[in-house]
Amino acid sequence: MNSPPFQSFMATMNTFAASLGLRTFTTWSKIWEYPWLWHAALGQIDWAGKHVVDLGSEMSPMPWFLATRGARVMLIETDPQWAPLWEQLRSKLKADVSWRLVKSEALPLADAAIDAVTSFSVIEHQRDKAAAVAEVARVLKPGGLFAVSFDVCEPQMGMTFPEWNGRALTLREFENLLWLHPAFGNSSRPTWNLESIGPFLAWHRTTAPHHNYVAGAAVLFRRC
């Protein structure tokens, strides 16, 4: 999180976001999530013409960032309050961005229609997490990418997660729900960098009273 590549990317992202009135990040865990997913996968893709779905978009700058690189982006949200801002941004950027407002985890998209799905700390807010993952798997093309970050709460490590914020995953829940989902073709459990939990948690606790948990991220590919 404190490395030059991560900090450089977040500086770029925050400058981009601030110019559009989108959310900037200096203390939230996304200062790790965004760069990790960018360097792990998103930054290596030629986005021209790619069809991307972003879950829980709200004021996130990342889907707009991808749109400026040629992606066709669909924003998925439950709250209509962001639509006026999106209208302004689409006009200003002349970007190929559309959106759908939903009332459940069901996605209004055809099977195997999407090149990539992004989800930045959204799954903890989704009530039916299994349905949410199943929908991502359904709409991805074979070989399609799922870039996901997620809050992690391990009570046995002294972590807590506020009920008003949804429900974070444990590491084992992530493995069973996403990593080992048949659609993604993983047959063994992932290797976690558990040594990073202590330092990250110590930092995260300083940023807000309820930040007594950590974050994870993964890149998954739809099995052909």
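Located above this text is the structure these notes cover.
Residues numbered from 1 in each chain as written. Predicted model: local features only at pLDDT ≥ 70, side-chain atom pairs only at ≥ 80, totals over all residues. Heavy atoms only, no water.

Draft legend 1. Quick peek at the packing of aromatic side chains. Tallied over the full model, the rule gives 15 aromatic pairs. Relative to Phe 65, the ring of Phe 9 has its centre 6.0 Å away and its plane inclined at 85°; by these criteria the two rings are edge-to-face. You can see Phe 9 sitting in helix H1 (residues 4-20) and its partner Phe 65 sitting in helix H3 (residues 62-67), a full 56 residues away along the chain. Judged by centre distance (5.4 Å) and plane angle (55°), the ring pair of Phe 25 and Trp 28 falls under tilted. Given the relative accessible area of 4%, Phe 25 is considered buried. Owing to a relative accessible area of 40%, Trp 28 belongs among the partly exposed residues under this scheme. Above the face of the Phe 65 ring, Arg 69 is positioned so that its terminal group lies 3.7 Å from the ring centre. (Phe/Tyr/Trp six-rings, centres within 6.5 Å; stacked < 30°, edge-to-face > 60°. Helix = DSSP H or I, 4+ residues; strand = E, 2+ residues; numbered from the N terminus. Buried < 20%, exposed > 50% of the residue type's maximum accessible area, 1.4 Å probe, protein only. Lys NZ or Arg CZ within 6 Å of the ring centre and 35° of its normal.)

Draft legend 2. How the structure looks around the sheet that holds strand E6 (residues 214-221). Across the sheet, which stays open at both edges, the six strands sit in the order E3-E2-E1-E4-E5-E6 with mixed pairing between neighbours. For this open sheet the edge positions go to strand E3 (97-101) and E6, each flanked by a neighbour on one side alone. The average angle at which neighbouring strand axes cross in this sheet is 15°, direction not considered. Bridge count for strand E4 (residues 114-120) against strand E5 (residues 140-152) is six bridges, and the pairing is parallel. Opposite Ser 119, over in E5, you have Val 148 as the bridge partner. Against the sheet, helix H4 (residues 83-93) contacts strand E2 (72-77) and E3, and its axis sits at roughly 165° relative to E3. (Pairing = 2+ DSSP bridges. Axes fitted to C-alpha atoms, helices over the stretch in contact; angles between N-to-C directions. Contact = heavy atoms within 4.5 Å.)

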